[in-house]
Amino acid sequence: MGDQIDSVIAAETLVSTQRVHASHLPLQLLDLQSPQFNTTTTPLPLPKRESRTLNATNTPITPITNPQPKSSKTLLEHSPNPHPPNANPNQPIPKENKKQTQRAKMHTSGLTNTPLTKTLLIYTLASSIALSILDIKHFAPIHVSPHFWPYGQFWRALLWQVAGFTNSTEALFAAMLVYHLRVVERAWGARKLATFLLTTLPYTTLLPPLLLTILLRPLSLTKLNYLPSGPTASIFALLAQYHLSIPHTFRYRISTSSSKPADDDATAQSTGKSLTLLFSDKSTTYLVAAQLALSQFPGMVLPAVVGWFVGLAWRMEMLPGVGARWRVPAWVVGEKERTRRVVGSSGGEERYEDLRRRLEGEAAAAAAEATGSSSSAGQGSGIGLRQGRRV
């Protein structure tokens, strides 16, 4: 092996010597085609390298082999998504994935899974457009004088809310507000929302004209005489449910303080007072509601306030004549009756009989456990007192 390396070094030395001699000759005497000045040499065969290498102690080193790839099972265990894309859809979904699915359903964009909200939105716009096309806007609002007195047109008290808006601005903001409130139907379901709208409709329809006629108009010395048309009261009753039952997703602050950081607390106090406002993702909904309530000030404020308090009273089950257990039939909203019936010992059908018995059994077991724990604690304290007396 050493002889071959020496021959390679001698060949390279000969080639470099020939190049030096050729550079000192005149250009016309050079014959580049002659084999004497041909610098191309045939490469000599180099010795083959051994597959193993030697370290400093002349010990053979085993070659490093590539690790075997992980199996598909190991990759799935360590992957961030434990469910492969080709998983069987018939397999049961874990509880965490069910919760994520429910949250995603709540935040679904558009009017997906909200048939009743879609109907209310279409009706709000269609009724307002129909009033303009048919030129019957003068039948929708209420002027206490002369509509109630002396004309006696009390039928307006029943139609003012379902007639639609007479102003395009009110119709636009009402449609935007109804669209924002679609999450209430996703949280409740269409059947509960339909029950809420039907049970609060008599109060949101009759209370504003009655309060305006009997209370507000005499107190304002006949200055408050106008009640605009449109389902403002029902929308604000639904807004109260949105405020109480739908949590906010995030919050953010808007401050007027300067961006330069203060060195100490004294400097921070000397810079002056700063205004900081706290908002959430629900603030835009309240902004649209405020625009709707103040669109025809002060006439539109009355149905908005009445609708808000009617919604709160329904939430606290304080509305007279409204049963807490009553629901509209399932066929009204296109659903099927979901009741579980168990045949009793007497042969009749009893609803939720097994659930009632299970709850009673759990309550009895909890009471027995509490009694046993209290008695054992009393016995333990008595034993401790006896041992203390003996000592």
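Residues numbered from 1 in each chain as written. Predicted model: local features only at pLDDT ≥ 70, side-chain atom pairs only at ≥ 80, totals over all residues. Heavy atoms only, no water.

Undergrad: Before we go on, may I ask you to explain the packing of aromatic side chains in this structure?
TA: Two numbers describe a pair of aromatic rings. These are the distance of the centres and the angle of the planes. Within this structure, the stated rule accounts for nine aromatic pairs. Judged by centre distance (5.6 Å) and plane angle (35°), the ring pair of Trp188 and Trp314 falls under tilted. A residue pair is termed long-range when its members are at least 10 positions apart, and Trp188 in helix 8 (residues 182-188) and Trp314 in helix 13 (residues 301-315) qualify at 126 residues. By relative accessible area, which is 15% here, Trp314 ends up buried. Arranged with centres 5.7 Å apart and planes meeting at 25°, the rings of Tyr252 and Phe279 form a pair that is stacked. Of this pair, Tyr252 sits in strand 5 (residues 251-255) while Phe279 sits in strand 6 (residues 276-280), and the two are 27 residues apart along the sequence. By relative accessible area, Tyr252 is classed as partly exposed at 33%. These aromatic residues form a ring-pair network of at least three members: Phe148, Trp149 and Phe154. The cationic tip of Arg182 hangs over the ring face of Tyr179; the distance from NZ or CZ to the ring centre is 4.1 Å. The side chain of Lys192 reaches across the aromatic face of Trp188, ending 4.7 Å from its centre. (Phe/Tyr/Trp six-rings, centres within 6.5 Å; stacked < 30°, edge-to-face > 60°. Helix = DSSP H or I, 4+ residues; strand = E, 2+ residues; numbered from the N terminus. Buried < 20%, exposed > 50% of the residue type's maximum accessible area, 1.4 Å probe, protein only. Lys NZ or Arg CZ within 6 Å of the ring centre and 35° of its normal.)

Undergrad: Could you clarify how one ought to interpret the side chain of Thr166 in this entry?
TA: Summarising the element assignment, Thr166 is placed in the loop between helix 6 (156-159) and helix 7 (168-180). Aside from chain neighbours lying at most four places away, what touches Thr166 is Leu131, Lys137, Ala140, Pro141, Ser229 and Gln296. (Contact = heavy atoms within 4.5 Å.)

Undergrad: Could you clarify how one ought to interpret the packing of helix 7 against helix 12 (residues 283-293) in this entry?
TA: Geometrically, a packed helix pair is captured by the angle between its two axes and the distance between the axes. Where helix 7 contacts helix 12, the axes come no closer than 9 Å and their chain directions differ by 150°. Between helix 7 and helix 12, the angle is such that the two are roughly antiparallel. Judged by the twist between their axes, the crossing of helix 7 over helix 12 is left-handed. From helix 7, Glu170, Phe173, Ala174, Met176, Leu177 and His180 reach across to helix 12, where they touch Thr284, Thr285, Val288, Ala289, Gln291 and Leu292. A class-by-class count of the residues in the contact of helix 7 with helix 12 yields seven nonpolar, four polar and one charged. (Axes fitted to C-alpha atoms, helices over the stretch in contact; angles between N-to-C directions. Parallel < 35°, antiparallel > 145°, perpendicular 65-115°, else oblique. Left-handed = near helix turned anticlockwise from the far one by under 90°. Nonpolar A, V, L, I, M, F, W, Y, C, P; charged D, E, K, R; others polar.)

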